[in-house]
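# Descriptive analysis of the structure
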Amino acid sequence: ATLRGTSSRLLHVELDDGRDVVVRLVPGTMPTLALAVLSTSRPASAFALDAVLAHASLLMAADDVDVDLDDPLTGWSSRASRIDAPVTLRLARELEDAAPAVSCGSMALFVGDDMVAAYGTDGPRRDDLPIFAAALREALAQIESRLRCRARRIDWIGRSGAAITLSPLGTSRRTAVLVTRRDGPVDGSAFDRLGGRLRRLLPADPDPTGQVEVRA
């Protein structure tokens, strides 16, 4: 997954069954190669992956790659709430109130492809938030399809260390929250608390027959 033409340093997906997927690009390779690791209970050790990638680069005589610190995930403020439904104003306020506890730069809430609320002081451009959410949804769908398991979250970490996380909410999974941080992904427990706060404000999920849609 690329965001505004920038490749990730690390892509992490946490599955519902306790497995973790970590994908790392092998720097300096052309065409680009990647290392994908599937583990249980916890993600693969970052130190071990660093060692494997360094060894792979030596074996393939990969070129040194300058780190691009111009990350698309930081530097912009954003605030939005859809005005056609009163609940979106409450959701926007909840995002603003929760931001300090989550220690994040920005948050956005989506229903399908529609961004219904957002708040941030140090995140992506506002217009980029739906584009980034769509890219992460697509990557998440591919991994879920390949591994035949739903996922709890996907983390995209850029070369400067900034991270963006997308997590579906509820059983319908039409609703999702997106969070960005300048220094690594959001802690799992903080993310779970954020999801709980948002679910209390959201309309009920559709019934199992799929006849009722969730609309903010």
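Preceding this section is the structure that the text describes.
Residues numbered from 1 in each chain as written. Predicted model: local features only at pLDDT ≥ 70, side-chain atom pairs only at ≥ 80, totals over all residues. Heavy atoms only, no water.

### With respect to the overall build of the protein
- The secondary structure content of the protein amounts to four helices and 11 strands.
- When burial is assessed residue by residue, the protein has 46% of its 216 residues classed as buried.
- Taking the contacts inside the protein whose residues are at least 6 apart along the sequence as the reference set, 58% of them involve residues at least 24 apart.
- Entry remark: accessible area of the protein is about 11,500 Å², with carbon and sulfur atoms responsible for 51%. (Helix = DSSP H or I, 4+ residues; strand = E, 2+ residues; numbered from the N terminus. Buried < 20%, exposed > 50% of the residue type's maximum accessible area, 1.4 Å probe, protein only. Contact = heavy atoms within 4.5 Å. Areas by Shrake-Rupley, 256 points an atom, 1.4 Å probe, with all protein chains shown as cover.)

### Here we look at the sheet that holds strand β4 (residues 19–26)
- Overall, antiparallel pairing links the nine strands, which are arranged β5-β4-β3-β9-β10-β11-β7-β8-β6 in an open sheet. Unpaired on one side and paired on the other, β5 (33–40) and β6 (76–81) mark the two borders of the sheet. Sheet twist, expressed as the average angle between the axes of neighbouring strands with direction ignored, equals 15°.
- As paired strands, strand β10 (residues 163–169) and strand β11 (residues 175–181) are joined by seven bridges and run antiparallel to one another. Each bridged residue has a counterpart across the sheet, and for Ile164 the counterpart in β11 is Thr180.
- With respect to the sheet, helix α2 (residues 86–102) is in contact with β6, β7 (106–111), β8 (114–123) and β11, its orientation differing from that of β8 by roughly 30°.
- Of the strands in this sheet, β3 (10–15), β4, β5, β6, β7, β8, β9 (151–157), β10 and β11 are in contact with helix α3 (residues 128–147), which crosses β9 at around 125°. (Pairing = 2+ DSSP bridges. Axes fitted to C-alpha atoms, helices over the stretch in contact; angles between N-to-C directions.)

### Focus: the side chain of Asp20
- Inspection of the secondary structure assignment puts Asp20 in strand β4.
- We note that Asp20 is buried and unpaired, the nearest opposite charge coming from Arg153 at a distance of 7.7 Å.
- At a separation of 2.7 Å, a polar atom in the side chain of Asp20 contacts the side chain of His12.
- When neighbours within four sequence positions are excluded, Asp20 is seen to be in contact with His12, Val13, Glu14, Val37, Leu38, Ser39, Ser41, Arg42 and Pro43. (Lys, Arg positive; Asp, Glu negative; His and termini not counted. Salt bridge = Lys/Arg side-chain N within 4 Å of Asp/Glu carboxyl O. Polar contact = N/O pair within 3.5 Å; in protein donor to acceptor, adjacent residues only side chain to side chain.)

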